[in-house]
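Descriptive analysis of the structure
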Amino acid sequence: MTELVFAKKCVLPTDAAHVLQSLHMAEAFALAGAKTYFFPGVKGKDDPSRRAELEKAVANLGISPEIADEWAVVPGNHAGVYGFRFRVAVATLRYARPEAVFYARDIGEAMFLCRLSTMPGAKFRFVFEMHEILHEQAGNAAQKDDFRRMEQAVLDAVD
């Protein structure tokens with residue numbers, strides 16, 4: 001069985017299209033037969049309220065509750081804390097599941113995987129779904145250079 005680490009940060013509840021699409025993508029990977037590791041952030045005061053919020057979201061989207069039960073819900077009330085816990089979870093899998101495919105669709109998460117790929121240990125497979133060439137859309141020269149460097153680093157590291 002293929003294992004896939006879906007390195008996509010997202011926080012619920014939301015109506016942001018990219019988050020809702022990512023929930024469906026996580027479900028699709030699992031339906032295709034991949035053991036899918038996914039770490040949605042969910043706002044709530046405790047684990048039961050966060051799990052209830054996730055259940056509500058997946059019910060509204062028609063996502064299989066059995067698949068969503070496999071996702072590791074991370075507290076999403078504070079962006080910085082969620083981001084830290086998300087990165088720890090993904091980095092842990094880099095060592096615990098080096099045979100997994102690590103998949104990113106945003107440049108921030110792709111850069112994180114790029115940095116993980118330079119750490120000691122077995123090489124892991126890294127895929128980046130590049131939606132756009134960000135450096136061509138940048139508003140100023142400094143931003144253009146930053147995006148160009150990030151994109152090149154990621155493209156050099158991906159499989």
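Residues numbered from 1 in each chain as written. Predicted model: local features only at pLDDT ≥ 70, side-chain atom pairs only at ≥ 80, totals over all residues. Heavy atoms only, no water.

**Quick word on helix 1 (residues 17–31)**
Helical geometry: 3.6 residues make up each α-helical turn, so side chains three or four residues apart lie on a common side. Counted at 1.5 Å a residue, the expected span for helix 1 with its 15 residues is 21 Å, and the 21 Å between its end C-alpha atoms agrees. Of the residues making up helix 1, those classed as buried are V19, S22, L23, M25, A26 and E27. In this structure, the buried side of helix 1 is in contact with strand 1 (3–6), strand 2 (11–12), strand 3 (35–38), helix 2 (47–61), helix 3 (65–68) and strand 6 (101–104). (Helix = DSSP H or I, 4+ residues; strand = E, 2+ residues; numbered from the N terminus. Expected span 1.5 Å × (residues − 1). Buried < 20%, exposed > 50% of the residue type's maximum accessible area, 1.4 Å probe, protein only. Contact = heavy atoms within 4.5 Å.)

**Quick look at the pairing of strand 6**
Here strand 6 shows a buried face lined by V101 and Y103 and a second buried face lined by F102 and A104. Across three bridges, the pairing between strand 1 and strand 6 is parallel. Residue pairing across strands places V5 opposite F102, the latter belonging to strand 6. Strand direction decides the pairing type here: strand 6 and strand 7 (residues 125–128), joined by four bridges, are parallel. Counted as the bridge partner of F102 is F126 from strand 7. With helix 5 (residues 107–117) bridging strand 6 and its parallel neighbour strand 7, the resulting β-α-β unit is right-handed. (Pairing = 2+ DSSP bridges. Right-handed = clockwise from strand over helix to strand, strands pointing away.)

**Some thoughts on the packing of helix 5 against helix 7 (residues 141–157)**
One way to put it is that helix 5 packs onto helix 7 with a least axis distance of 9 Å and a crossing angle of 55°. Here helix 7 runs oblique to helix 5, going by the angle between their axes. Note that helix 5 runs across helix 7; the crossing there is left-handed. Residue-level inspection shows I107, A110, M111, C114 and S117 of helix 5 in contact with helix 7, the latter providing F147, M150, E151, A153, V154 and A157. Here the contact of helix 5 with helix 7 is composed, by residue class, of nine nonpolar, one polar and one charged. (Axes fitted to C-alpha atoms, helices over the stretch in contact; angles between N-to-C directions. Parallel < 35°, antiparallel > 145°, perpendicular 65-115°, else oblique. Left-handed = near helix turned anticlockwise from the far one by under 90°. Nonpolar A, V, L, I, M, F, W, Y, C, P; charged D, E, K, R; others polar.)

**A short note on the layout of surface pockets**
In this structure, the largest pocket encloses a volume near 170 Å³. Lining the largest pocket are 11 residues; nearest its centre among them are R105, D106, I107, H131 and E132. A class-by-class count of the residues in the lining of the largest pocket yields four nonpolar, two polar and five charged. (1 Å grid on protein atoms, 1.4 Å probe; cavity = no way out; pocket = protein on both sides within 12 Å on 5 of 7 lines; lining within 4 Å. Points joined across faces, edges and corners; volume = space filled by probe spheres on them.)

**A look at the environment of K9**
Looking at the secondary structure, you find K9 in the loop between strand 1 and strand 2. The exposure class assigned to K9 is partly exposed, which follows from its relative accessible area of 26%. When the C-alpha positions of K9 and E70 are compared, they lie 16 Å apart, and in sequence the two are 61 residues distant. Among all residues touching K9, those that are not within four sequence positions of it are Y82, G83, F86, R87 and E109.

**Looking at the sheet that holds strand 4 (residues 41–42)**
Strands sit in the order 2-4-5 across an open sheet of three strands; the sheet is parallel. Each edge of the open sheet is held by one strand with a lone partner, namely strand 2 and strand 5 (74–75). Two strands pair when backbone bridges link them, and strand 4 and strand 5 are joined in this way by two bridges, in the parallel orientation. Of the residues in strand 5, the one forming a bridge with V42 is P75.

**Notes on the sheet that holds strand 6**
The four strands are arranged 3-1-6-7 in an open sheet whose pairing can be described as parallel. Both edges of this open sheet fall to strand 3 and strand 7, since each of them pairs with a single strand only. Sheet twist, expressed as the mean angle between neighbouring strand axes with direction ignored, is 25°. Where strand 1 lies against strand 3, four bridges are found, and the strand directions are parallel. Bridge assignment links F6 to a residue of strand 3, and that residue is F38. Packing against the sheet, helix 4 (residues 79–96) makes contact with strand 1, strand 3 and strand 6, and its axis sits at approximately 150° to strand 6.

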